[in-house]
Amino acid sequence: MAVNQSQLGQMFEQVLRLSKVDASQSVAILKSHYSDARTVQAATDAALRLGAKVYSVELPSFNHPTAMGNDMTAYCGDTALTGNSAAQKALEAADLIVDTMMLLHSPEQEQILKTGSRILLAVEPPEVLARMLPDEQDKTRVMAAAAVLEKARMMTVKSAAGSDFRAPLGQYPTVTEYGYADEPGRWDHWPSGFLFTWPNEEQAEGVLVLDVGDILLPFKTYTRERITLEIEKGFVTRIHGGFEAGYLRDYMAYFNDPEVYGISHIGWGLQPRAQWTAMGLHDKNDGMCMDARAFYGNFLFSTGPNTEVGGTRKTPCHMDIALRHCDVRVDDLLVVAEGAVVAPAASLAH
Ligand code: D6O
Ligand code: FE2
């Protein structure tokens, strides 16, 4: 299936409108040679139709010699923008940047956001953008959960597979992703629909047992056997199970950096249009599989960088792991029960 250019342009118009683009705004399209040409065109046309001043910043592609694979989350931290202060200034001058290149997890992104520029990441295939076109209900649903998470002092996760994990909270802010960037300095990602925070440094502990069918990113695999992660003082200290545990262990060890084992963002999925099954229908080079990160009622656990919230862990290896069928509690409130969203206001899903 393919979305036609006219539809994609209309969808961009909706998302840019939600992102408060109008005739008073300047919009930069950030791209590289691998950017989806349809996305770049649709974003440009839509911004022009809304009367914005539009320009593009094209950066030469960047490859770190350590990186394996084409997934944009498989190597974090350095990007084509690293050290390019002229391009940095050009981006900081924009009111909104449509990022079709991927600045996420780079310190440069944080620098841009501090100047008040907004960033909307759009790197998934147009058909995935179309299925998860954001609307105001996505924001309402995610913000209702954020009101709970922002005040919380503890997140706990349990599952029938054996997970028993605790993360004291409060040191880091809550990050929301509802699919559009409507506030100064806001970063968002179309498609999305989830929220997360980071555990207090060196305090997360317990065990996470990935069950059959849970998702490992950037591998883009459904686990076929259980993998146990032991977590002590904020770091994964042991990974055991069968072949798949051994694969994960070897992959993380390859980066030769103790920081890859730090716990990164933790949160839960709130996007009813994201599908646990979608990854099975796509090739590995189709995108980064936001379906897995956002599907309704997942527990999304990750390892590695914390630069997104101003931390010092700039480490290239980032695992996003989506678990099904978990009980997730924030303080005493059960928000996800065996993988079903139960609070706050489960009725906000439509
Ligand atoms: O986690 C990722 N995440 C995203 O929307 C996408 C990718 C936000 O932290 O690595
Ligand atoms: Fe992540």
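The model shown is predicted, which means the values in this text are computed figures rather than measured ones. (Residues numbered from 1 in each chain as written. Chains lettered and ligands numbered in written order. Predicted model: local features only at pLDDT ≥ 70, side-chain atom pairs only at ≥ 80, totals over all residues. Heavy atoms only, no water.)

Draft legend 1. Structural view of the domain arrangement of the protein. In terms of domain boundaries, the protein breaks down into domain 1 (5-123) and domain 2 (133-349). Relative placement of domain 1 and domain 2: their C-alpha centres are 24 Å apart. Domain 1 puts 35 residues into the contact, and the matching count from domain 2 is 32 residues. Interface area, domain 1 with domain 2, both sides summed: about 3000 Å², of which 62% is carbon and sulfur. At the surface where domain 1 touches domain 2, the tally comes to two salt bridges. (Domains from an automatic or database assignment. Contact = heavy atoms within 4.5 Å. Buried area = accessible area lost by both parts, 1.4 Å probe. Salt bridge = Lys/Arg side-chain N within 4 Å of Asp/Glu carboxyl O.)

Draft legend 2. Representation of the site of ligand 1. Ligand 1 sits among 15 residues. The nearest are His105, Glu177, His189, His318 and Asp320. In the environment of ligand 1, an oxygen atom lies 3.0 Å from a nitrogen or oxygen atom belonging to the side chain of His189. Taking Asp320, its side chain carries an N or O atom lying 3.0 Å from an oxygen atom of ligand 1. Among the detected pockets, ligand 1 sits in the largest cavity. Residue assignment for the shell around ligand 1 shows that the elements contributing at least two residues are strand 8 (187-189), strand 9 (194-197) and helix 8 (290-294). When grouped by side-chain class, the residues that make up the shell around ligand 1 number six nonpolar, five polar and four charged. (Near = heavy atom within 4 Å. Polar contact = N/O pair within 3.5 Å; in protein donor to acceptor, adjacent residues only side chain to side chain. 1 Å grid on protein atoms, 1.4 Å probe; cavity = no way out; pocket = protein on both sides within 12 Å on 5 of 7 lines; lining within 4 Å. Sits in = over half its atoms within 2 Å of the grid points. Helix = DSSP H or I, 4+ residues; strand = E, 2+ residues; numbered from the N terminus. Nonpolar A, V, L, I, M, F, W, Y, C, P; charged D, E, K, R; others polar.)

Draft legend 3. Quick peek at the coordination of the iron ion (ligand 2). At the metal site, the iron ion (ligand 2) is ligated by His265 (NE2), His318 (NE2), Asp320 (OD) and Asp320 (OD), and these contacts range over 2.0 to 2.5 Å. Considering all six donor atoms around the iron ion (ligand 2), the spread of angles at the metal, 52 to 146°, places the coordination shape in the irregular class. Sequence spacing among the residues donating to the iron ion (ligand 2) works out to H-x52-H-x1-D. For the pair His318 and Asp320, one class covers both residues: buried. (Donors = N, O, S within 2.8 Å, 3.2 Å for Na, K, Ca; no water. Tetrahedral: all angles 85-135°; square planar, octahedral: opposite > 155°, others 65-115°. Buried < 20%, exposed > 50% of the residue type's maximum accessible area, 1.4 Å probe, protein only.)

Draft legend 4. Inspection of unusual backbone geometry at higher detail. Cis rather than trans, the peptide bond between Leu217 and Pro218 has omega equal to 10°. Position of Pro218 among the secondary structure elements: in the loop between strand 11 (215-217) and strand 12 (221-222). In this structure, the amide linkage connecting Ala343 to the following residue, Pro344, adopts the cis form with an omega of -15°. Relative to the elements of secondary structure, Pro344 occurs in the segment after strand 20 (340-341). Not every positive phi belongs to a glycine, and Lys233 is a case in point at roughly 45°. When you line up the elements, Lys233 lands in the loop between strand 13 (227-232) and strand 14 (235-241).

Draft legend 5. Structural context of the layout of surface pockets. Each pocket or cavity is described by its volume, and for the largest pocket that value is around 770 Å³. As for the largest pocket, its lining consists of 38 residues, and the residues nearest its centre are Tyr34, Asn70, Asp71, Met72 and Met101. Considering only enclosed or pocket space, the second largest pocket measures out at about 390 Å³ in volume. For the second largest pocket, the lining is made up of 18 residues, of which Pro218, Phe219, Lys220, Tyr247 and Lys284 are closest to its centre. Residue assignment for the lining of the second largest pocket shows that the elements contributing at least two residues are strand 12 and helix 7 (243-254). A total of four residues in the lining of the second largest pocket trace back to one element, the largest contributor, which is helix 7. Grouping the amino acids of the lining of the second largest pocket by side-chain chemistry returns nine nonpolar, four polar and five charged. Looking at the lining of the second largest pocket, you find at least three residues from each of domain 1 (5-123) and domain 2 (133-349). (Points joined across faces, edges and corners; volume = space filled by probe spheres on them.)

Draft legend 6. Structural view of the environment of Thr73. Along the chain, the position of Thr73 falls in the loop between strand 2 (53-58) and helix 3 (85-92). Separated by 164 residues in sequence, Thr73 and Thr237 have C-alpha atoms that sit 22 Å apart. Dropping the residues within four chain positions of it, Thr73 is found in contact with Met102, Pro218, Met288, Arg293 and His318. At 2.6 Å, the side chain of Thr73 and the side chain of Asp71 are in polar contact.

Draft legend 7. Quick peek at the environment of Phe243. Inspection of the secondary structure puts Phe243 in helix 7. For Phe243, a relative accessible area of 63% gives the class exposed. As a C-alpha pair, Phe243 and Gly83 span 160 residues in sequence and 40 Å in three-dimensional space.

Draft legend 8. Local environment of the packing of helix 1 (residues 5-18) against helix 2 (residues 37-49). Contact geometry of helix 1 with helix 2 gives a least axis separation of 8 Å together with a crossing angle of 55°. In this view, helix 1 runs oblique relative to helix 2, as classed from their interaxial angle. Where helix 1 crosses over helix 2, the handedness of that crossing is right-handed. For the pair helix 1 and helix 2, contact is made by Gln5, Leu8, Gly9, Gln10, Phe12, Glu13 and Leu16 and by Arg38, Thr39, Gln41, Ala42, Ala43, Ala46, Ala47 and Arg49, respectively. Here the residues of the contact of helix 1 with helix 2 are counted per class, giving seven nonpolar, five polar and three charged. (Axes fitted to C-alpha atoms, helices over the stretch in contact; angles between N-to-C directions. Parallel < 35°, antiparallel > 145°, perpendicular 65-115°, else oblique. Left-handed = near helix turned anticlockwise from the far one by under 90°.)

Draft legend 9. Layout of the pattern of salt bridges. For the coordinates displayed, the defined rule picks out 19 salt bridges. A salt bridge links Glu127 to Arg38; the nearest nitrogen and oxygen atoms lie 3.0 Å apart. Highlighted residues: Glu127 in helix 5 (residues 126-131) and Arg38 in helix 2, separated in sequence by 89 residues. A relative accessible area of 27% means that Arg38 is categorised as partly exposed.

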